[in-house]
Amino acid sequence: MELSRRTAIAGAAAAGVTTATVGGTAHATGGRKPVKELFGKLADGTKVHRWSLENGGTRMKVLSWGGVVQSLEIPDRKGRYANVSLGFDNIEDYVAKTPYFGALIGRFGNRIAKGRFTLDGKSYQLSVNDGANSLHGGTQGFDKRVWDVEPFTKGSDVGLYLHYTSADGEMGYPGTLKVKVTYTLTRHGDWRIDYEATTTKATVVNLTSHVYWNLAGEGSGTIENHELKIAAGRYTPTDAGLIPTGELAKVSGTPFDFRKAKAIGRDIRDGHPQQVLAKGYDHNWVLDKGITAKPEHVATVCDPSSGRTLKIATVEPGLQFYSGNFLDGTLTGTGGSTYRQGDALCLETQHFPDSPNHSSFPSTVLRPGQTYRTTTVHTFGA
Ligand code: BGC
């Protein structure tokens, strides 16, 4: 503990920043400008860059490809760092086989049934990439685009502005959508994401981030022993294609009840028909707080072995908890280990899946003249 704290302070001092002790952990009170390097090239020669950021004890590497968080390192209760986010060490794997590792998701997080919706009396057909449905924006969503990235330091914050303009009709969605995402690392080591978008035609938008978390370290095995708490009394059951039926079902008396913290593995083999359809947890929790003007704390994950914790606060009304059901041992991650079922979990803050086809769900419609804004904050501890 003492050694690692001294190392952190020495590193910060070398970088010309000061440190303060908050809750027993050394935190830098000033950030350095993010550093850029070449990560790889796409087949057409386009360069993909990687940005390294550090603040308040959190270290992060972000790609211009998909706004991907390639790694996120935080200390454990003894001050030992680990990368807690699944990813690849090369651009080719991100292009060819990523299940959205660390990526920005757009234009629409999760599924839209048959890739179809009607807005203002007009029907739209989206790109279909998940059986009969459209998942995470279609075959070439925001996770498969090169973003313009601009670094910033503001007071004690450091971060990146990521810009992408999605053309009218891209993946079947109406309107030119101008998107700006801000990744901020605060002096406390929080990772905050602010999303903004405007459109030239009425459209639907639901942006999120798809980090695969393993608080014991990527490639270290299952997350079934992680304890999870979600402030939600209801969730949205799905059909076999993982499209919500429209029902808001109570979690009470089911494996979906995470209102008190419990190990993810405790009820995962319960055999509830909804778990059988999804091969585990892959559902949207209806957050008790609903849509809020400011981010409110909705979920906590804790890895008892390392002591690392992640708290999520959001303005969004929904949270997709996905227990890494489709990881099947075929992908090799940054640390050289293959990823198997349940080796990570995703907690995607969002509006509900398939909202454009459910008038009872909170609306995802964005019109010209309006600005879409949403925020999620990740707070780390040990
Ligand atoms: C979805 C899963 C999907 C995963 C990665 C999650 O957001 O809910 O069904 O398999 O993303 O593709």
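Only a predicted model underlies this, so the values are computations on that prediction, with no experimental measurement involved. (Residues numbered from 1 in each chain as written. Predicted model: local features only at pLDDT ≥ 70, side-chain atom pairs only at ≥ 80, totals over all residues.)

1. Regarding the overall build of the protein chain
Then step 1. Scanning the protein chain for helices and strands turns up three helices and 31 strands.
Then step 2. The globule rule puts the C-alpha radius of gyration for 382 residues at 21 Å, and the 20 Å found for the protein chain is close to it.
Then step 3. Over its C-alpha atoms, taken along the principal directions, the protein chain stretches across nearly 60 × 50 × 40 Å.
Then step 4. Within the protein chain, the proportion of its 382 residues that are buried is 48%.
Then step 5. A sequence separation of at least 24 residues applies to 65% of the contacts in the protein chain between residues at least 6 apart. (Helix = DSSP H or I, 4+ residues; strand = E, 2+ residues; numbered from the N terminus. Rg over C-alpha atoms; globule rule 2.2 N^0.38 Å. Buried ≥ 20, exposed ≤ 12 C-beta atoms within 10 Å, placed from the backbone. Contact = placed C-beta atoms within 7 Å.)

2. Comments concerning the site of the ligand
Then step 1. Within the structure, the ligand sits among P99, Y100, N110, L242, D282, Q320, Y322, F326, C346 and E348.
Then step 2. When its residues are assigned to classes, the shell around the ligand shows six nonpolar, two polar and two charged. (Near = placed C-beta within 6 Å. Nonpolar A, V, L, I, M, F, W, Y, C, P; charged D, E, K, R; others polar.)

3. Concerning the domain arrangement of the protein chain
Then step 1. Considered domain by domain, the protein chain is made up of domain 1 (1–30) and domain 2 (36–381).
Then step 2. One C-alpha centre belongs to domain 1, the other to domain 2; they are set 30 Å apart. (Domains from an automatic or database assignment.)

4. Regarding the environment of R107
Then step 1. Tracing the backbone through its elements, the reader meets R107 in the loop between β8 (103–105) and β9 (111–112).
Then step 2. Exposure remark for R107: the 29 C-beta atoms within 10 Å place this residue in the buried category.
Then step 3. Spatially, the C-alpha atoms of R107 and L162 are 15 Å apart, while their sequence positions differ by 55 residues.
Then step 4. Beyond its immediate chain neighbours, meaning those up to four positions away, R107 contacts G137, F142, S166, M171, Y173, L177 and V205.

5. Quick word on the sheet that holds strand β5 (residues 58–63)
Then step 1. The strand order β3-β4-β5-β6-β7 describes an open sheet built from five strands, whose pairing is antiparallel. Here the strands that pair on one side only, and so sit at the sheet edges, are β3 (35–41) and β7 (81–83). Strand-to-strand twist of the sheet, defined as the mean angle between neighbouring strand axes without regard to direction, takes the value 20°.
Then step 2. The sheet contact formed by strand β6 (residues 69–75) and β7 spans three bridges and is antiparallel. Across the sheet, residue E73 finds its bridge partner in β7, namely N83. (Pairing = 2+ DSSP bridges. Axes fitted to C-alpha atoms, helices over the stretch in contact; angles between N-to-C directions.)

6. Looking at the nonpolar core
Then step 1. By size, the foremost hydrophobic cluster in this structure holds 82 residues, and its most contacted members are V62, W213, I230, L319 and L345.
Then step 2. At five residues, strand β15 (residues 177–185) tops the list of elements feeding residues into this core.
Then step 3. Discounting chain neighbours no more than four positions away, the residues touching W213 are V84, S85, V301, L310, A344 and L345. (Core = buried A, V, L, I, M, F, W, Y, C linked by C-beta atoms within 7 Å.)

7. Some points on the sheet that holds strand β19 (residues 227–230)
Then step 1. Ordered in space as β13-β14-β15-β16-β31-β25-β24-β19-β22, the nine strands form an open sheet in which the pairing is antiparallel. Only two strands of the sheet have a single neighbouring strand rather than two, namely β13 (148–154) and β22 (262–263).
Then step 2. Where strand β16 (residues 191–199) and strand β31 (residues 372–381) come together, seven bridges link them in antiparallel fashion. Bridging from a neighbouring strand, W191 pairs with H378 of β31.

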